[in-house]
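Read off the chains here:
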Amino acid sequence: MLVANSDYDGGNVGSIDSTTSHGTDFINSSKVTFDPDLDNSSTVTQNQEIFSHDLDSGKTTQITHSSISDRYPQVYDDNAVWRSDNGDIFTHNFDSDVTQKITTNAMDERPNIFGNHIVWRGDEGKIFTYDLDSNITQQIAAQSAEIDLPNLSEEHLVWSANISGGDREVFVYDFHSGATTQITNNKSYDGKPDVSKDY
């Protein structure tokens, strides 16, 4: 799957729009999800909806039908996740064609997905995960510090936090053990960590 934000062309949903500075690409397997801007009736208000495009069949399907813009789609295997402009986070399963709202907090930001885990940043230094198997939401971190958007793999979740005076340190959470570990402790800037399966 490829995840892309389309350019501001009014919503050409019959083709896959090229990415501009307004968005980013993420490649996974055989589907595309993207959020073109759709004109709302005759006004110039742009309303972004989520679409999927199957690279094998060439079929494009509109997933969301909302008066509120839906943005920042991410996808892993048969599941997609995105955030609406009112802060709600949704997940969609392509096999069952079921869409589910998993949060209703206006401060939730930029969800990401890997395997069965969805992760997002909340307000006041909080990080949350949602397990697609158990349908359980769990708060992972609650630091009184500014935190980066978290990244995740199948086994780990990583983020950095502004501990004091601009000094950012990196933290890792283990999904299996439930343990959070601070892995840097220095006066240098440690920010925007990423993670693979074991590192």
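See the structure shown above.
Residues numbered from 1 in each chain as written. Predicted model: local features only at pLDDT ≥ 70, side-chain atom pairs only at ≥ 80, totals over all residues. Heavy atoms only, no water.

Asker: Looking at this structure, how should I read the pairing of strand E12 (residues 109-114)?
Answerer: One face of the sheet, then the other: side chains in a regular strand alternate in exactly this way. Relative to strand E13 (residues 117-121), E12 runs antiparallel, the two sharing four bridges. Its bridge partner being in E13, Ile-113 is matched across the sheet by Ile-118. The hairpin turn running from E12 into E13, its antiparallel successor, is two residues long, and Gly-115 in that turn takes a positive phi close to 60 degrees. (Pairing = 2+ DSSP bridges. Helix = DSSP H or I, 4+ residues; strand = E, 2+ residues; numbered from the N terminus.)

Asker: Even after reading the chapter, I still don't get the sheet that holds E13, so can you show me in this structure?
Answerer: In any sheet, the strands associate via hydrogen bonds between backbone groups, in a parallel or an antiparallel arrangement. Spatial ordering of the open sheet is given by E12-E13-E14-E15, a layout of four strands whose pairing is antiparallel. Where the open sheet ends on each side, the last strands, each with one partner, are E12 and strand E15 (136-142). In this sheet, neighbouring strand axes are inclined to one another by 20 degrees on average, regardless of whether the strands run parallel or antiparallel. (Axes fitted to C-alpha atoms, helices over the stretch in contact; angles between N-to-C directions.)

Asker: Help me out: how do you make sense of the packing of aromatic side chains in this one?
Answerer: Each aromatic ring pair is described using two quantities: the centre-to-centre distance and the angle formed by the ring planes. Counted according to the given criterion, the structure contains five aromatic pairs. Relative to Phe-128, the ring of Trp-120 lies with its centre 5.9 Å away and its plane at 15 degrees, an arrangement referred to as stacked. You'll find Trp-120 and Phe-128 in the same group, each marked buried. Ring plane angle 85 degrees and centroid distance 5.5 Å describe the contact between Tyr-173 and Phe-175, whose orientation is recorded as edge-to-face. A residue is classified by how much of its surface remains accessible, and Tyr-173, at 5% relative accessible area, is buried. The ring centre of Tyr-72 lies 3.8 Å from the NZ or CZ of Arg-110, which sits over that ring. (Phe/Tyr/Trp six-rings, centres within 6.5 Å; stacked < 30°, edge-to-face > 60°. Buried < 20%, exposed > 50% of the residue type's maximum accessible area, 1.4 Å probe, protein only. Lys NZ or Arg CZ within 6 Å of the ring centre and 35° of its normal.)

Asker: Help me understand the nonpolar core in this model?
Answerer: As a rule of thumb, nonpolar side chains are buried together in soluble globular proteins. The biggest cluster of nonpolar side chains holds 13 residues, and the ones touching the most others in it are Ile-127, Ile-140, Leu-157, Trp-159 and Tyr-173. Put simply, the parts of the chain that give this core at least two residues each are E15, strand E17 (156-164) and strand E18 (167-174). Here this core gets three residues from one element, more than from any other, and that element is E17. (Core = buried A, V, L, I, M, F, W, Y, C linked by side-chain atoms within 4.5 Å.)

Remember that the coordinates give geometry; whether it matters functionally is a separate question.
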